[in-house]
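# Tertiary structure, described
Each chain, written out:
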Amino acid sequence: MEKKKGIAILGSTGSVGTQALEVIAAFPDQFELVVLTANTNADLLIDQAKKFQPNTVVIGDEQRYEEVKNALWEDDIKVYTGDEALQQVVEMGEIQVVLTAIVGFAGLYPTLRAIEAGKNIALANKETLVVAGDLVTRKAKEKGVSIYPVDSEHSAIFQCLAGEYHNPIDKIYLTASGGPFLGKKRNELVSVSAEEALNHPNWDMGNKITIDSATMMNKGLEVIEAYWLFGLNPEQIDVIVHPQSVVHSLVQFSDGSIKAQIGNPDMKLPIQYALTYPYRFPGETPRFDFMQYSNWTFEKPDKETFRNLQLAYDALEMGGTAPCVLNAANEETVKLFLDGKISFLQIAEINETVLRSTEIIISPDLEDYKRVDALAREKVLKGCF
Ligand SMILES: NC(=O)C1=CN([C@@H]2O[C@H](COP(=O)(O)OP(=O)(O)OC[C@H]3O[C@@H](n4cnc5c(N)ncnc54)[C@H](OP(=O)(O)O)[C@@H]3O)[C@@H](O)[C@H]2O)C=CC1
Ligand SMILES: CC(=O)[C@@H](O)[C@H](O)COP(=O)(O)O
Ligand SMILES: [Mn+2]
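Remember, predicted model here, so these are calculated numbers, not experimental data. (Residues numbered from 1 in each chain as written. Chains lettered and ligands numbered in written order. Predicted model: local features only at pLDDT ≥ 70, side-chain atom pairs only at ≥ 80, totals over all residues.)

## Concerning the pairing of strand β2 (residues 31-38)
Selection criterion: Exposure is read from a count of other C-beta atoms within 10 Å of each residue's own; the residue is exposed at 12 or fewer, buried at 20 or more and partly exposed in between. C-beta atoms are placed from the backbone. Only runs of H or I of at least four residues qualify as helices and only runs of E of at least two qualify as strands under DSSP, and these elements are numbered from the N terminus. In this description, strands pair whenever DSSP reports at least two bridges between them. Here a crossover is taken to be right-handed if, once the strands point away from the viewer, the path from the first strand over the helix to the second is traced clockwise.
With 7 of 8 residues buried, β2 is to be regarded as a mostly interior element. When strand β1 (residues 5-10) meets β2, the two strands line up parallel, connected through 6 bridges. When the sheet's bridge partners are listed, Leu10 is paired in β2 with Thr37. Running through helix α1 (residues 15-26), the crossover from β1 to the neighbouring parallel element β2 is right-handed.

This is the structure in structure tokens:
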């Protein structure tokens, strides 16, 4: 029998993490779960560890360490806490693929360490590539490590590219749902609440990405993510609004032919493909019903109203640390919005102010990214919002 594939899930208690565990549970003969990590959700991490019996777990929050350790003592599961532990566990010999399902900049360090240790990456944490795409892709190339996209649009592009290695890409189309406020103009968005913004029409996701979808920053981050994953020019990356979220993205080749990947809005499929690549495992996921989705529509994104999308293109054009600045500002403005401290429209306004007022370093190293990230966050927080 073939050896099972060793998997680490960073961020196992989140939306992607919990769905990844469903995928793993569906193929017990194929995967061996080696590591699970969470930030603060000790209760769920304990439940997951008891059920899946990984070798090791990491709880970010040091206050919850004793509780997790005591709960898992009789299961003989190693328990660690803190940022350094999160970076060390990805080096374990039994791991073949690290699924990065942590949200935000915090995913960058363990991803880099995993690449350094020669582990293939199933990448959900798009912020890693947005912040430091040059560093991450260079390191992956150097170490012969593959980065398999988990993000549904990028998985779609990746699937369309299978077998097309020799064929030049004309352009790609990333599809966007448009979020809960599709069709609204700025004057209608002045006082929308966090609750309304968290009401995504098609996907059930973590809070941060759901707000990003509502502001269309998610699509902006995905443009930058695609730039690094597929080695395209910004002009080759287009966004089209497709409110049904069943055409997950499209590739147009140099002869004009377009390939699309289609399916239900369900993250388990892209997660599974990233873990089983180059194979497709036969699965029980509900089959697509064309009659349920008989009306597909496409429209142009409104970059005036959803300014964040334009800002992401601008940051990509500016280069160097500009996307890192935009990402850091956005992580903070999203938190402020969720805490009721700023309005929905202020998210993009503050992001833009920070982006335009922060000096760019053109060839940054990891320390530069760390400093620039901290500086941009400080600018948002010192804005006295
Ligand atoms: N959800 C989705 O369908 C999709 C998500 N993505 C991307 O995947 C990533 C994860 O998204 P999602 O699952 O929605 O997010 P969630 O907020 O649902 O989950 C985040 C996970 O990361 C952990 N975490 C949060 N902060 C830290 C930190 N500072 N250090 C270590 N661990 C941390 C959380 O732990 P705890 O639970 O303890 O807080 C949790 O396990 C994001 O980058 C997102 O953009 C991409 C495509 C689709
Ligand atoms: C599931 C997924 O990949 C999300 O990134 C999703 O695409 C968000 O939807 P929109 O950003 O298109 O609203
Ligand atoms: Mn996506």
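## A short note on the sheet that holds strand β10 (residues 247-253)
What holds strands together in a sheet is hydrogen bonding between their backbones, with the strands either parallel or antiparallel. Heads up, the rule is: Between N-to-C directions, angles cover 0 to 180 degrees, with each direction set by a line fitted to C-alpha atoms, over the stretch in contact for helices.
Sheet architecture is open: 4 strands sit in the order β9-β8-β10-β11, paired in mixed fashion. Where the open sheet ends on each side, the last strands, each with one partner, are β9 (237-241) and β11 (258-262). Recorded for the sheet is a direction-independent mean angle of 20 degrees between the axes of neighbouring strands. As judged from the 5 bridges shared by β10 and β11, these two strands associate in the antiparallel manner.

## Some words on the UniProt feature "domain: DXP reductoisomerase C-terminal" (unreviewed entry) in the protein chain
This is how the line gets drawn: UniProt positions are given in the numbering used here, feature names are shortened, and annotations may be inferred rather than shown by experiment.
According to UniProt, the feature "domain: DXP reductoisomerase C-terminal" (unreviewed entry) maps to residues 262-378 in the numbering used here. Taken end to end, residues 262-378 is 56% helix and 1% strand, and its first and last C-alpha atoms sit 41 Å apart.

## Digging into the site of ligand 2
The cut-off we apply is this: Residues are classed as near a molecule or strand if the C-beta position derived from their backbone is within 6 Å of it. Side-chain classes are defined by residue name, with Ala, Val, Leu, Ile, Met, Phe, Trp, Tyr, Cys and Pro counting as nonpolar, Asp, Glu, Lys and Arg as charged, and the others, Gly among them, as polar.
The local shell around ligand 2 consists of Asp151, Ser152, Glu153, Ala176, Ser177, Gly179, Trp203, Ser213, Asn218, Lys219 and Met267. If you list the elements that add at least two residues to the shell around ligand 2, you get α7 (152-161) and α10 (217-230). Here the residues of the shell around ligand 2 are counted per class, giving 3 nonpolar, 5 polar and 3 charged.

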